[in-house]
Amino acid sequence: MDMKQCSHHYCLATKYIDDKLLRTVNHIEGLKQVVLLTDGMDTRPYRLSWPTSTIIFDISPDRVFNGAAEKLKGVGAKIPRSCLFLHVPLESSDLQQTLRAKGFNGNRPSIWAMQGLPVMTLANFEDILLTVSGLSMNGCGFLGELPAWLAETEIVTKTSAREWMEKLFMNNGFRVDMICYEEVAKSLGKKLAAGPYKNILFSSEQLQFSDDQMETWRREFQRVEEQGDEEGFEEL
């Protein structure tokens, strides 16, 4: 992204998310899973230099995505070679099941990013957090922007916003940090544009194990237990 005139909150957030995504996937060995929660018009799958063996899942409104995909195809936009791009309709009745059906593996590392996703209520976002929490391995990241109005009560100070964020995310197994737009601008040698902005930039880490990890270990413990019982019977 050209940052020459990019000092607006949204541009800075986009740059921050882009850089974090690429840093993360470039440190993942083997298959790299990226999940983008978007408005359907995200160009990251096309414009970022994804490494080989990256599979990108886009969760967004189906109609918007299809329209944007046609336009991008019309101007020659292409996904990097050796990468795979899959769409998951936001309207899916079960996002976890749909992602798994598309090939997502909860026993593999992943990175999740949210920007532009139409979130109508706090309950909607809590459902998203539950989905990410269930599929993300321990140590995986979830970052992006969320609307400040998601707070149950009006956020008056940064302290109250931080407390609300920490509680919301920790209830779903994530340790979260609020990212200061001014600090992002400073790190890029820019000055933050004046004016209000109604989003919160965040970065979080999964502290729990994914559902797939737990199921794998449950099966392993069951196998060991059964083998132990068999050995016990042989001794008798």
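What counts and what doesn't
- Residues numbered from 1 in each chain as written.
- Predicted model: local features only at pLDDT ≥ 70, side-chain atom pairs only at ≥ 80, totals over all residues.
- Heavy atoms only, no water.
- Helix = DSSP H or I, 4+ residues; strand = E, 2+ residues; numbered from the N terminus.
- Buried < 20%, exposed > 50% of the residue type's maximum accessible area, 1.4 Å probe, protein only.
- Contact = heavy atoms within 4.5 Å.
- Areas by Shrake-Rupley, 256 points an atom, 1.4 Å probe, with all protein chains shown as cover.
- Core = buried A, V, L, I, M, F, W, Y, C linked by side-chain atoms within 4.5 Å.
- Salt bridge = Lys/Arg side-chain N within 4 Å of Asp/Glu carboxyl O.
- Expected span 1.5 Å × (residues − 1).
- pLDDT = per-residue confidence, 0-100.
- Pairing = 2+ DSSP bridges.
- Axes fitted to C-alpha atoms, helices over the stretch in contact; angles between N-to-C directions.
- Polar contact = N/O pair within 3.5 Å; in protein donor to acceptor, adjacent residues only side chain to side chain.
- Patch = residues over 30% accessible without salt bridge, like charges linked within 9 Å, V, L, I, M, F, W, Y side chains within 5 Å.

Draft legend 1. Local environment of the overall build of the protein. Looking only at helices and strands, the protein features eight helices and seven strands. C-alpha extents for the protein along the principal axes are approximately 80 × 45 × 35 Å. Classification of the 236 residues of the protein by burial places 43% in the buried group. When contacts within the protein are restricted to residue pairs at least 6 apart in sequence, long-range pairs at least 24 apart make up 75% of them. Of the roughly 13300 Å² of accessible surface on the protein, 51% is carried by carbon and sulfur atoms.

Draft legend 2. Looking closely at the nonpolar core. In this structure, Trp 112, Phe 125, Phe 142, Leu 146, Trp 164 and Phe 169 are the most contacted members of the largest nonpolar core, which totals 32 residues. The element that contributes the greatest number of residues to this core is helix 5 (residues 122-135), accounting for six residues. Aside from chain neighbours lying at most four places away, what touches Leu 146 is Met 114, Phe 125, Trp 164, Met 165, Phe 169, Lys 198, Asn 199, Ile 200 and Phe 202.

Draft legend 3. Quick look at the pattern of salt bridges. For the structure shown, the criterion picks out eight salt bridges. Linking Arg 47 and Asp 18 is a salt bridge whose minimum nitrogen-to-oxygen distance equals 2.7 Å. Of this pair, Arg 47 sits in helix 2 (residues 44-47) while Asp 18 sits in helix 1 (residues 9-25); the two residues are 29 residues apart in sequence, bridging distant segments of the chain. Salt bridges here are not isolated pairs; linked through shared partners, they connect Asp 18, Asp 42, Arg 44 and Arg 47.

Draft legend 4. Molecular detail of helix 5. Taking 1.5 Å of rise per residue, the 14 residues of helix 5 would be expected to cover 20 Å, and the 20 Å separating its terminal C-alpha atoms lies within 8% of that figure. Restricting attention to buried positions, one finds in helix 5 the residues Leu 122, Phe 125, Ile 128, Leu 129, Thr 131, Val 132, Ser 133, Gly 134 and Leu 135.

Draft legend 5. Main features of the confidence of the model for the protein. For the protein, mean pLDDT is 89; residues scoring 70 or higher make up 90% of the total. Across residues 232-236, confidence stays below pLDDT 50; counting only partners more than four residues off in sequence or on other chains, it has zero contacts.

Draft legend 6. Structural view of the sheet that holds strand 7 (residues 199-206). Spatial strand order, 3-2-1-4-5-7-6: seven strands in an open sheet with mixed pairing. The open sheet is flanked by strand 3 (83-89) and strand 6 (174-178), the only strands paired with a single partner. Strand after strand, the sheet turns through a mean of 20° between neighbouring axes, direction not considered. Strand contacts of helix 3 (residues 62-74): strand 2 (54-60) and strand 3, with the helix running at about 145° to strand 3, the strand carrying the most contacts. Helix-sheet contacts for helix 4 (residues 95-102) involve strand 2, strand 3 and strand 4 (110-115), and the interaxial angle to strand 3 is about 150°.

Draft legend 7. Focus on the side chain of Thr 14. Mapped onto the secondary structure, Thr 14 falls in helix 1. Reaching out from Thr 14, the side chain makes a polar contact with the side chain of Gln 115 at a distance of 3.1 Å.

Draft legend 8. Region of the structure containing a nonpolar patch on the surface. A cluster of nonpolar side chains, namely Phe 209, Met 214, Trp 217 and Phe 221, defines an oily patch on the protein surface of about 430 Å² accessible area. Note that Phe 221 resides in helix 8 (residues 211-235).

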